[in-house]
There are 2 protein chains.
Amino acid sequence: MNLYLIRHGKAEVKSESGRDFDRELTAKGKRKIESIALRLNDLGITFDKIYSSPLVRAKQTAEIFLHHMINECDFEINNTLAAGCNAKTLLENILFEHEKVALIGHEPDMSQILSDLCGAVNLQFKKGGIAKIVFEGEPRIGAGILEFLITPKIFK
Amino acid sequence: MNLYLIRHGKAEVKSESGRDFDRELTAKGKRKIESIALRLNDLGITFDKIYSSPLVRAKQTAEIFLHHMINECDFEINNTLAAGCNAKTLLENILFEHEKVALIGHEPDMSQILSDLCGAVNLQFKKGGIAKIVFEGEPRIGAGILEFLITPKIFK
């Protein structure tokens, strides 16, 4: 299966409520995610299922991808992906029943999850960044092969 | 410094001489590398120095990058980058005196070098693929941070 890790787009520094949970994407952050979603469509890169962190900035990122997705795509908010997620809890709490699954979450979690799934790599996961990891069968720690890691700049 | 690892483009299956060393890029391979070079220019991604493996398919890949490079760029063919290169011999035999250095070589060397420089990652380095690794100061084993890994498909 193909697993896509996506970091949410650029978010406001402080939400109206003052809670980190509620921070929304900025206008620029939304536009950037939109252009990434459109570019992925052009490239024929689609998802069958998107799991998003419940935090507003991640959910908004997921909604933009869903809005532009050309194929049928399931969507689920999964609390495991809230900030503080790791590969072990991810594999215990998320069902990988689809062929192309995208996970939308936060840093430093996304970097650590990629690292744990593919070996032990130091990396920079930029906002709106997207990584593709290929597995033979279900995802397992250390069994993933990194196919790409794209920074949003590449889609400019 | 920024280190870019590049795998040569698609090459003919057999050279006229019969030697693996002499295998040339196919017409499609040349076009793909050309489109990658132009796209990197658009994105402002340039090199100060390109080191290439002496094998014809790598040298031809380097020449296409050099031809399209918008800034001054040094070029050197370095035998260390011939097939069978690893991170240790690379660091011993190549001078990293420039800020943005590109190395053009082969598989499985490029994957293994990336892995050794950034941790221990399983990855697929496609033909024409390019990775950016960021170092504080000179490159050292395990000290690199992977910023991107792009497959040529992304530049379609």
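Predicted, not measured: the structure shown is a model, and the values here were computed from it.

Thresholds, definitions, all that
Residues numbered from 1 in each chain as written. Chains lettered and ligands numbered in written order. Predicted model: local features only at pLDDT ≥ 70, side-chain atom pairs only at ≥ 80, totals over all residues. Heavy atoms only, no water. Least-squares fit on C-alpha atoms with pLDDT ≥ 70 in both. Contact = heavy atoms within 4.5 Å. Buried area = accessible area lost by both parts, 1.4 Å probe. Salt bridge = Lys/Arg side-chain N within 4 Å of Asp/Glu carboxyl O. Polar contact = N/O pair within 3.5 Å; in protein donor to acceptor, adjacent residues only side chain to side chain. Helix = DSSP H or I, 4+ residues; strand = E, 2+ residues; numbered from the N terminus. Buried < 20%, exposed > 50% of the residue type's maximum accessible area, 1.4 Å probe, protein only. Lys, Arg positive; Asp, Glu negative; His and termini not counted. Phe/Tyr/Trp six-rings, centres within 6.5 Å; stacked < 30°, edge-to-face > 60°.

The next thing to look at is the relation of the copies chain B and chain A. If you rotate chain B by 180° and push it 0.0 Å along the axis, it lands on chain A with an RMSD of 0.0 Å. Expressed as an axis order, the relation between the two copies is that of a two-fold axis. Mapped onto chain A, 100% of the interface residues of chain B are again interface residues, and the two copies thus contact each other with one and the same surface.

With that settled, the discussion passes to the interface of chain B and chain A. With 26 residues of chain B at the contact, the number on the chain A side is 26 residues. When chain B packs against chain A, the two sides together hide about 2,300 Å² of surface, and 54% of this comes from carbon and sulfur. Among the salt bridges present, the one from K126(A) reaches E147(B), with a minimum N-O distance of 4.0 Å. Taken together, chain B and chain A are joined by 13 residue pairs in polar contact (both at pLDDT 80 or more). Mapped by element, the contributors of at least two residues to the side of chain B that touches chain A are helix 4 (109-118) and strand 6 (145-150) of chain B.

This brings us to the side chain of D109(B). Residues and elements named next belong to chain B. For D109, the location among the structural elements is in helix 4. No salt bridge is formed by the buried D109; its nearest oppositely charged neighbour, R57, is found at 8.9 Å. When sequence neighbours within four positions are dropped, the list of residues in contact with D109 reads A82, A83, G84 and C85.

Take the packing of aromatic side chains next. Each aromatic ring pair is described using two quantities: the centre-to-centre distance and the angle formed by the ring planes. Taken as a whole and assessed by the stated rule, the structure comprises six aromatic pairs over all chains. Relative to F148(A), the ring of Y4(A) lies with its centre 6.4 Å away and its plane at 50°, an arrangement referred to as tilted. Residue Y4(A) is found in strand 1 (residues 2-7), and its partner F148(A) is found in strand 6 (residues 145-150); the two are separated by 144 residues along the sequence. For Y4(A), a relative accessible area of 3% corresponds to the buried category. Centre to centre, the rings of F47(B) and F65(B) are 6.1 Å apart; their planes meet at 65°, and the pair counts as edge-to-face.

Working definition: two side chains of opposite charge can pair if their charged atoms are close together. Residues and elements named next belong to chain A. Enumeration over the complete set of coordinates arrives at 13 salt bridges over all chains. Across the pair D20 and R23 runs a salt bridge, and its minimum N-O distance is 3.0 Å. The partly exposed category is assigned to D20, whose relative accessible area is 39%. When its relative accessible area of 18% is taken as the criterion, R23 is described as buried. The shortest N-O distance in the salt bridge between E147 and K132 comes to 3.4 Å. Here E147 is found in strand 6, whereas its partner K132 is found in strand 5 (residues 130-134), with 15 residues between them in sequence. In this pair, the class of E147 matches that of K132, namely buried. One network of salt bridges, in which partners are shared, links D20, R23 and R57.

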